[in-house]
Amino acid sequence: MRTRTQKIKNGSSSWSFNNNKISQLNVSENNKEIISNLFEIAYTHSNITQEMLWTRRRTLVETNAVICTIINSFFKLSLTENAKLFNKHHATAIHYIGLYNDSLCMDKQMRELHEKLSNHIIKKLYGDSNELETVNLETLNLMQLRELIAAVNSKNVFLNKKIKEIKNVLDR
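Overview of the structure. (Residues numbered from 1 in each chain as written. Predicted model: local features only at pLDDT ≥ 70, side-chain atom pairs only at ≥ 80, totals over all residues. Heavy atoms only, no water.)

Axis separation between helix α4 (residues 58-74) and helix α7 (residues 108-126) bottoms out at 10 Å; the angle between their running directions is 35 degrees. The interaxial crossing formed by α4 with α7 has right-handed handedness. Contacts between α4 and α7 pair E62, T63, V66, I67, T69, I70 and F74 from the former with M110, L113, H114, L117, S118, I121 and I122 from the latter. In terms of residue class, the contact of α4 with α7 is made up of nine nonpolar, four polar and one charged. (Axes fitted to C-alpha atoms, helices over the stretch in contact; angles between N-to-C directions. Helix = DSSP H or I, 4+ residues; strand = E, 2+ residues; numbered from the N terminus. Left-handed = near helix turned anticlockwise from the far one by under 90°. Contact = heavy atoms within 4.5 Å. Nonpolar A, V, L, I, M, F, W, Y, C, P; charged D, E, K, R; others polar.)

Structure follows, in structure tokens:
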């Protein structure tokens with residue numbers, strides 16, 4: 001019997017191990033693709049390698065906690081389904097979500113990863129348009145609304161900085 005590591009090495013990337021689990025989810029094909037992309041983006045962002053998978057390295061655990069929290073926020077998966085994406089028990093999904101909410105949300109790198117993944121999902125689900133009219137607010141849950149508000153606030157801060165820069169150039 002092959003080990004988990006040997007099974008993974010047949011895949012093209014360190015996150016390809018979970019594609020079979022993702023394909024079994026009871027969500028739309030678009031959502032399956034988005035979830036698969038989350039692993040790719042997060043593992044690339046955190047420099048997760050094949051050798052790190054199935055270990056307890058802090059980087060892997062923290063990255064998985066962010067991914068689990070994002071999936072829990074945006075998709076209507078049970079904790080069991082969410083945990084199966086990581087080959088874990090549902091209690092681990094509860095732990096991952098609590099870990100992010102209690103401590104990792106204070107870590108700059110993990111916050112940046114969370115924002116990057118949230119922005120990716122929002123862009124994939126609602127498009128590139130910055131117009132709020134294109135978002136059906138009634139279909140979003142509370143966490144999704146909070147993420148959308150955070151994205152809008154972030155964009156507002158960025159645009160205000162750009163306006164100030166332009167005003168400074170014009171005033172010269």
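Inspection of the entire model under this criterion finds three aromatic pairs. Ring geometry for F39 and Y43: centres 5.8 Å apart, planes at 90 degrees, overall edge-to-face. In this pair, F39 and Y43 both sit in helix α3 (residues 29-45), four residues apart, roughly one turn of the helix. Taken as a pair, F39 and Y43 share a single burial class, namely buried. (Phe/Tyr/Trp six-rings, centres within 6.5 Å; stacked < 30°, edge-to-face > 60°. Buried < 20%, exposed > 50% of the residue type's maximum accessible area, 1.4 Å probe, protein only.)

Residue placement: M52 occurs in the loop between α3 and α4. Given the relative accessible area of 8%, M52 is considered buried. Residues contacting M52, with those up to four places away along its chain left out, are N47, R57, T59 and L60.

Taking 1.5 Å as the rise per residue, helix α8 (residues 142-171) with 30 residues should run 44 Å; its terminal C-alpha atoms sit 43 Å apart, in good agreement. Listing the buried residues of α8 in full gives Q144, E147 and L148. The inward-facing, buried residues of α8 contact α4 and α7. (Expected span 1.5 Å × (residues − 1).)

So, about the packing of α7 against α8. Between α7 and α8, the least distance of the axes is 10 Å, while the angle of their chain directions is 100 degrees. One element, α7, and the other, α8, form an angle in the roughly perpendicular class. Across the interface between the two elements, H114, E115, S118, N119 and I122 from α7 touch E147, L148, A151 and S154 from α8. Each residue belonging to the contact of α7 with α8 can be placed in one class, and the counts come to three nonpolar, four polar and two charged. (Parallel < 35°, antiparallel > 145°, perpendicular 65-115°, else oblique.)

With that out of the way, let us pick up the pattern of salt bridges. Under the counting rule described, the total for this entry stands at three salt bridges. A salt bridge links K32 to E29; the shortest N-O distance between them is 3.3 Å. Of this pair, K32 and E29 both sit in helix α3, three residues apart, roughly one helical turn. With relative accessibility at 58%, the residue E29 sits in the exposed group. (Salt bridge = Lys/Arg side-chain N within 4 Å of Asp/Glu carboxyl O.)

Our next topic: the nonpolar core. Of all hydrophobic cores here, the largest spans 38 residues; its most connected members are I35, F39, I71, F75 and L85. Among the secondary structure elements, those contributing two or more residues to this core are α3, α4, α6 (90-102) and α7. With eight residues, the top contributor of residues to this core is α4. If we ignore the near neighbours within four places in the chain, the residues touching I35 are I22, L25, I71, F75, L77 and L85. (Core = buried A, V, L, I, M, F, W, Y, C linked by side-chain atoms within 4.5 Å.)

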